[in-house]
Amino acid sequence: MMPTKLDWAYLAGIMDGEGTFYISRQNNKGNPWLRPAMGFSMCDKEPVIWAAETFPQFRLTERPRLSKGGKHIWRCEATSYDTLTDFLPQLIPHLKGKK
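Here is what the cut-offs are and how they apply
Residues numbered from 1 in each chain as written. Predicted model: local features only at pLDDT ≥ 70, side-chain atom pairs only at ≥ 80, totals over all residues. Heavy atoms only, no water. Pairing = 2+ DSSP bridges. Helix = DSSP H or I, 4+ residues; strand = E, 2+ residues; numbered from the N terminus. Phe/Tyr/Trp six-rings, centres within 6.5 Å; stacked < 30°, edge-to-face > 60°. Buried < 20%, exposed > 50% of the residue type's maximum accessible area, 1.4 Å probe, protein only. Contact = heavy atoms within 4.5 Å. Expected span 1.5 Å × (residues − 1). Arc of directions from axis to C-beta. Axes fitted to C-alpha atoms, helices over the stretch in contact; angles between N-to-C directions. Parallel < 35°, antiparallel > 145°, perpendicular 65-115°, else oblique.

Undergrad: Describe the pairing of strand 1 (residues 19-28), with residues and values.
TA: Relative to strand 2 (residues 31-42), strand 1 runs antiparallel, the two being bridged by 10 bridges. Of the residues in strand 2, the one forming a bridge with asparagine 27 is proline 32. The antiparallel hairpin formed by strand 1 and strand 2 contains two residues in its connecting segment, where lysine 29 sits at a positive phi of about 55 degrees.

Undergrad: Lay out the packing of aromatic side chains with the relevant residues and their values.
TA: To describe a pair of aromatic rings, you give the distance between the ring centres and the angle between the ring planes. If you walk through the whole model with that rule in mind, you get eight aromatic pairs. Relative to tryptophan 50, the ring of tyrosine 10 lies with its centre 4.8 Å away and its plane at 85 degrees, an arrangement referred to as edge-to-face. Highlighted residues: tyrosine 10 in helix 1 (residues 5-18) and tryptophan 50 in helix 2 (residues 45-54), separated in sequence by 40 residues. A relative accessible area of 44% places tyrosine 10 in the partly exposed class.

Undergrad: Please provide a residue-by-residue account of the environment of threonine 83, values included.
TA: Within the secondary structure layout, threonine 83 lies in helix 3 (residues 81-91). If we skip the residues at most four places from it in the chain, threonine 83 touches Gln57 and Ala78.

Undergrad: Explain helix 1 to me, using residue names and the numbers behind them.
TA: Taking 1.5 Å per residue as the helical rise, helix 1 with its 14 residues ought to reach 20 Å, and the 20 Å between its terminal C-alpha atoms agrees with that figure. Restricting attention to buried positions, one finds in helix 1 the residues Asp7, Trp8, Leu11, Ala12, Ile14 and Met15. Viewed along the axis of helix 1, the buried residues span an arc of 160 degrees, placing them on a single side of the element. Opposite its buried face, helix 1 presents the exposed residues Lys5, Leu6 and Gly17, each directed more than 90 degrees away.

Undergrad: Could you give an account of the packing of helix 1 against helix 3, naming the residues involved and the relevant values?
TA: Geometrically, a packed helix pair is captured by the angle between its two axes and the distance between the axes. Two numbers describe how helix 1 lies on helix 3: the axes approach to 10 Å, and their chain directions differ by 95 degrees. By the angle between their axes, helix 1 is roughly perpendicular relative to helix 3. Residue-level inspection shows Trp8, Leu11, Ala12 and Met15 of helix 1 in contact with helix 3, the latter providing Phe87, Gln90 and Leu91.

Undergrad: Quick one: what's the story with unusual backbone geometry, residue by residue and with numbers?
TA: The phi dihedral of lysine 29 falls on the positive side, at around 55 degrees, and the residue is not glycine. Here lysine 29 is to be found in the loop between strand 1 and strand 2. On the basis of relative accessibility, which here comes to 79%, the residue lysine 29 falls in the exposed class.

Laid out in structure tokens, this is it:
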């Protein structure tokens, strides 16, 4: 099922509040390259699971570390250049704080 406009708006709200857009430097056997990525982390796993199920571009992980309050940290992340070039044009119109 394709995400609705409401799904995109909800994800944009999560990304505005909890998310990050970044570029990481990778090095594969002496061949450096840059990798664009976006993601968010939360202790409440329901929104993270919702995002991973609604947007299959996301990879869901449980972080090995705990929050300061002792809760597990859940993370959703998309890291493929091809994924982000298709994904971001649909997300950006709904962002308010991170345009």
